Amino acid sequence: AAIRTNKNNELILSLSKGVSFNTHYKPELPVHTAEIIYKNGRYILAVTMEFPEKPLKTSGLRAGIDIGEIHPIAICAEDGDGLVISGRLIRSIKQWRNKSLAKLNRAISRCKKGSRQWKRYIRAKGKLISKTENQIKDLLHKATRKAIDWATARGICEIVIGNPVGVEKNTRKNRRLSRKSAQKVSQMEYGRIKKYLEYKAKEQSIKTCLKNERGTS
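Residue positions are given per chain, counted from 1 along the sequence in the order it is written. Given that this is a predicted model, residues contribute local features only at a pLDDT of at least 70 and side-chain atom pairs are listed and counted only at 80 or more, while totals for whole chains, interfaces and linings are drawn from all residues. Just so you know, side-chain values use all the structure's heavy atoms and leave hydrogens and water out.

A.B. asks: Looking at this structure, I do not really get the sheet that holds strand S9 (residues 156-163). What am I missing?
C.D. replies: As summarised here, the arrangement of the 5 strands in space is S8-S7-S6-S9-S10, forming an open sheet in which the pairing is mixed. If you trace the sheet from one side to the other, it starts and ends with strand S8 (82-85) and strand S10 (207-212), each paired once. Each strand of the sheet is rotated relative to its neighbour by a mean of 20°, with strand direction disregarded. One requirement defines pairing of two strands: DSSP has to find at least two bridges between them. What counts as a helix is a DSSP run of H or I of at least four residues, what counts as a strand is a run of E of at least two, and both are numbered from the N terminus. Both strand S6 (residues 61-66) and strand S7 (residues 73-77) contribute to a ladder of 4 bridges, which runs antiparallel. In the strand pairing of S7, Gly-64 is matched with Cys-76. Axis definition: a line fitted to C-alpha atoms, over the contacting stretch in the case of helices. Angles run 0 to 180 degrees between N-to-C directions.

Below, the structure written as structure tokens:
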């Protein structure tokens, strides 16, 4: 869709010849792309804008972050001050989701594919996944924001994020973890937490880097 703004600086999308849609959204910066998408039962306006990058801090304390399963973020600065953010609510949501999905999958397996009951269970499964995904995403955003706000208030200039890559490697083959523990490891939100931390830190001019956790305890 073609993009333009009216005299009130509201974003207008030209859908076709002679047809336009006023989003009533007033962008702060020039918009590169804009589209209306349907997600989770509602329409959402998605736009991309280029924000000017802030120069990174060159002085201050360094801090390390450990990403875990029970506590998604544990951060400690060079001066010994630290913060541990609990992830018990995220954990309980995942446990409830796993049990509910197992129950739905058993019900689906007993239904004839394509039947009305089968379709009802499939819709219920989709809603369950969507709902819990949104809840987890919101909680992870809040957790990472809390960590970066803490770092900003203490003048942190660089954050070293522990990289647990390979922690789950060969766990099934060598049976190093129980089935329950393997499930927890597989559902760790390392990639998403790292992504959220990196862009939130960048907004506050804080440098981030990864450190392999191999050989640490």
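A.B. asks: Quick question: what am I supposed to make of the packing of helix H2 (residues 116-153) against helix H5 (residues 190-203) here?
C.D. replies: For any two helices packed against each other, the geometry comes down to the angle between their axes and how far apart the axes lie. Look at H2 against H5: their axes get within 9 Å of each other, and the N-to-C directions meet at 45°. Accordingly, the angle class assigned to the pair H2 and H5 is oblique. Between H2 and H5 lies a crossing whose hand is right-handed. Two secondary-structure elements touch here, H2 through Glu-133, Ile-136, Lys-137, Leu-140, His-141, Thr-144, Arg-145, Ala-147 and Ile-148 and H5 through Arg-192, Ile-193, Tyr-196, Leu-197, Tyr-199, Lys-200, Ala-201 and Glu-203. We call Asp, Glu, Lys and Arg charged. Ala, Val, Leu, Ile, Met, Phe, Trp, Tyr, Cys and Pro are nonpolar, and the rest, Gly among them, are polar. For the contact of H2 with H5, the per-class residue count stands at 9 nonpolar, 2 polar and 6 charged. Every angle not falling under 35 degrees, over 145, or within 65 to 115 is termed oblique; those three ranges are roughly parallel, roughly antiparallel and roughly perpendicular. Should the near helix be turned anticlockwise from the far one by less than a right angle, the crossing is termed left-handed; should it be turned clockwise, right-handed. In what follows, residue pairs with any heavy atoms lying within 4.5 Å of each other are defined as contacts.

A.B. asks: Hey, could you run me through the sheet that holds strand S3 (residues 19-22) in this one?
C.D. replies: By definition, the strands of a sheet pair up through backbone hydrogen bonds, in either a parallel or an antiparallel sense. The sheet built from 3 strands is open, its strands ordered S1-S2-S3 with antiparallel pairing. The sheet terminates laterally at strand S1 (2-5) and S3, the two strands that pair on one side only. Averaged over all adjacent pairs, the angle separating strand axes in this sheet is 30°, with direction ignored. Strand direction decides the pairing type here: S1 and strand S2 (residues 11-16), joined by 4 bridges, are antiparallel. Bridge pairing links Arg-4 to Ile-12 in S2.

A.B. asks: Explain H5 here, please?
C.D. replies: Residues separated by three or four positions in an α-helix point in the same direction, a consequence of the helix having 3.6 residues per turn. With 14 residues, H5 ought to run about 20 Å at 1.5 Å a step, and its terminal C-alpha atoms sit 20 Å apart, in line with that. Downstream of H5 by a residue or two, Ser-205 has a phi angle that is positive, lying close to 65°. A helix is expected to span 1.5 Å multiplied by its residue count minus one.

A.B. asks: Teacher, can you tell me more about H2 here?
C.D. replies: Between its first and last C-alpha atoms H2 spans 56 Å; for 38 residues at 1.5 Å apiece the expected length is 56 Å, and the two agree. For every residue, the accessible area (1.4 Å probe, protein chains only) is compared with the maximum for its type, and the residue is labelled buried under 20%, exposed over 50%, or partly exposed between those bounds. The complete set of buried residues in H2 reads Trp-118, Leu-128, Thr-132, Ile-136, Leu-140, Ala-143, Thr-144, Ala-147, Ile-148, Trp-150 and Ala-151. Where H2 is buried, its residues touch S7, S8, helix H1 (88-109), S9 and H5. Of the residues flanking the end of H2, it is Gly-155, one or two places downstream, whose phi is positive at about 70°.

A.B. asks: I keep staring at the environment of Lys-57 and nothing clicks. Help me out?
C.D. replies: With respect to the secondary-structure elements, Lys-57 resides in the loop between strand S5 (42-49) and S6. Exposure remark for Lys-57: the relative accessible area of 30% places this residue in the partly exposed category. For the pair Lys-57 and Lys-202, spaced 145 residues apart in sequence, the C-alpha to C-alpha distance is 9.9 Å. Beyond its immediate stretch of four places on either side in the chain, Lys-57 contacts Ile-156, Cys-157, Gln-204, Ser-205 and Ile-206.

A.B. asks: Explain a nonpolar patch on the surface to me, please; I cannot follow it from the model alone.
C.D. replies: Any residue with relative accessible area above 30% and no salt bridge may belong to a patch, with like charges joined within 9 Å and the nonpolar Val, Leu, Ile, Met, Phe, Trp and Tyr side chains within 5 Å. In these tables, accessible area is a Shrake-Rupley quantity obtained with a 1.4 Å probe, and a residue counts as shielded only by the protein chains included in the view. For salt bridges, the criterion is a side-chain nitrogen of Lys or Arg within 4 Å of an Asp or Glu carboxyl oxygen. Where nonpolar side chains cluster on the molecular surface, the patch consists of Leu-15, Val-19, Phe-21, Ile-36, Tyr-38 and Tyr-43 and spans about 650 Å² of accessible area. For the nonpolar patch, the elements supplying multiple residues, two or more each, are S3 and strand S4 (31-39). Position of Tyr-43 among the secondary structure elements: in strand S5.

A.B. asks: I tried to follow the packing of aromatic side chains on my own but got confused; where do I start?
C.D. replies: Note on aromatic pairs: each is described by the distance of the centres and the angle between the planes. For this analysis, a ring pair means two rings from Phe, Tyr or Trp (six-membered ring only for Trp) whose centres lie within 6.5 Å, classed as stacked if their planes differ by under 30 degrees, edge-to-face if by over 60, and tilted for the remaining angles. According to the stated counting rule, one finds 2 aromatic pairs in the structure shown. Summarising the aromatic geometry, the rings of Tyr-196 and Tyr-199 are spaced 6.4 Å apart at their centres and angled 85° between planes, so their arrangement reads as edge-to-face. Taken together, the residues span about one helical turn, with Tyr-196 and Tyr-199 both in helix H5 at a distance of 3 residues. We classify Tyr-196 as buried; its relative accessible area is 6%.

A.B. asks: Would you mind showing me how to read unusual backbone geometry here?
C.D. replies: Peptide bonds are trans in most cases, and residues, glycine excluded, mostly fall at negative phi. Positive phi values are uncommon outside glycine, yet Asn-9 reaches one of about 65°. Tracing the backbone shows Asn-9 in the loop between S1 and S2. Here Asn-9 falls in the partly exposed class, since its relative accessible area comes to 35%.

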